[in-house]
Amino acid sequence: MTRPDVPLAGVIGNPIGHSRSPLMHKYWLQRYDLLGDYVRLQVAERDLESVVRTLPRMGFVGANVTIPHKTAVLKIADFISDRATLIGAANTLIFREDGIIHADNTDGYGFMTNVRNGAPDWDPKSGPAVVLGAGGAARAIIVALADAGVPQILLANRTRNKAEALRAEFGQRITVVDWVQAGNVLEEAVILINTTSLGMTGQPELRVPLDGLRPGTVVTDIVYTPLQTGLLQKAAAMGCVTVDGLGMLLHQGVPGFERWFGQRPEVDEALRAAVLA
Ligand code: ATR
């Protein structure tokens, strides 16, 4: 396959209308004066394989993958990174010139880079992390935390079974905590991470009591609509170091853009503004 005249990328999901990824990638294309485009691709589950196999033949050099296709896409890819294998999901596809479809997962990278930038004094090895939620986002974050040397992960999920399953899969570093007990372990945390959809516009608020949080604890949310979730507002008022979730979205896009368009893009205030507009 030859390199297309105008390289294309996109985000594959269903629904896809609300995705902010095009704002980010189009901003970068313009900023670095690169030829290319990035589009939303609404694809039903039954069409996923034929679409993914066809895209490279119509000028696509890669794609992001989002709900509900992140796991199914692993069955289609020819090469899967160790990270994506471990997490059990991919969010980034690279269509190589030799025809190989490469799947990677950059969600953990996006999470970690966002928190390291927003809370530069956080030392992952210094103490336990409390993780709320045990869905797809939690998997990527737990793998990233373990990679970074976090000694203990206290994991609370409404459906306890799902947290137990993650412990069985990812090991003894995880301690499962009852959802209703989550507030009682916050005192031990050096970082608290909400990976649930609670607090998102249109969803219920997160109701875990936060009184146990110590000042200086890092608190971060994967929810970024609104940017200042109820959790982040309360934590900031208690003297915690808060990191909003938009940066995770922005940083997870960096490795894909670099592979597709040949330029490592920067995450800065102008990009945040462009994506929030
Ligand atoms: P994602 O891929 O974004 O992580 P997901 O896999 O659907 O999405 O996971 C959503 C997470 O939010 C889960 O941990 C879910 O808890 P359950 O496993 O009990 O479903 C959590 N969640 C969603 N709504 C919730 C609510 N009203 N109360 C508590 N947890 C909730």
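Computed from a predicted structure; not experimentally measured.

**What to know about the layout of surface pockets**
(1) Moving on: Of the volumes computed, that of the largest pocket is approximately 1,600 Å³.
(2) Moving on: Contributing elements (two or more residues each) for the lining of the largest pocket: strand 3 (60-65), helix 5 (136-147) and helix 8 (246-252).
(3) Moving on: Partitioning the lining of the largest pocket into residue classes produces 20 nonpolar, 22 polar and six charged.
(4) Moving on: For the lining of the largest pocket, the two domains that each supply at least three residues are domain 1 (8-105 + 248-276) and domain 2 (108-244).

**So, the sheet that holds strand 5 (residues 92-95)**
(1) Moving on: Spatially, 2-1-3-5-6-4 is the arrangement adopted by the six strands of the open sheet, whose pairing is mixed. One side of each edge strand has no neighbouring strand; the edge strands of this open sheet are strand 2 (37-42) and strand 4 (79-80).
(2) Moving on: Across the sheet, helix 1 (residues 21-31) is in contact with strand 1 (8-13), strand 2 and strand 3; its angle to strand 2 comes to roughly 165 degrees.
(3) Moving on: Helix-sheet contacts for helix 9 (residues 254-261) involve strand 1, strand 2, strand 3 and strand 5, and the interaxial angle to strand 5 is about 10 degrees.

**A look at the sheet that holds strand 8 (residues 153-157)**
(1) Moving on: Reading across the sheet, the six strands line up as 9-8-7-10-11-12 and stay open at both edges, with parallel pairing between neighbours. Lying at the two open borders of the sheet, with one neighbouring strand each, are strand 9 (174-178) and strand 12 (241-243). Adjacent strand axes in the sheet meet at a mean angle of 20 degrees, parallel and antiparallel pairs treated alike.
(2) Moving on: Direction of pairing for strand 7 (residues 129-132) relative to strand 8: parallel, over a ladder of four bridges. Each residue of the ladder has a partner; that of Leu 132, found in strand 8, is Ala 156.
(3) Moving on: Running at roughly 140 degrees to strand 12, helix 4 (residues 107-118) makes contact with strand 10 (191-194), strand 11 (218-221) and strand 12 of the sheet.
(4) Moving on: Across the sheet, helix 7 (residues 230-237) is in contact with strand 10, strand 11 and strand 12; its angle to strand 11 comes to roughly 165 degrees.

Each value, and the rule that gives it
- Residues numbered from 1 in each chain as written.
- Predicted model: local features only at pLDDT ≥ 70, side-chain atom pairs only at ≥ 80, totals over all residues.
- Heavy atoms only, no water.
- 1 Å grid on protein atoms, 1.4 Å probe; cavity = no way out; pocket = protein on both sides within 12 Å on 5 of 7 lines; lining within 4 Å.
- Points joined across faces, edges and corners; volume = space filled by probe spheres on them.
- Helix = DSSP H or I, 4+ residues; strand = E, 2+ residues; numbered from the N terminus.
- Nonpolar A, V, L, I, M, F, W, Y, C, P; charged D, E, K, R; others polar.
- Domains from an automatic or database assignment.
- Pairing = 2+ DSSP bridges.
- Contact = heavy atoms within 4.5 Å.
- Axes fitted to C-alpha atoms, helices over the stretch in contact; angles between N-to-C directions.

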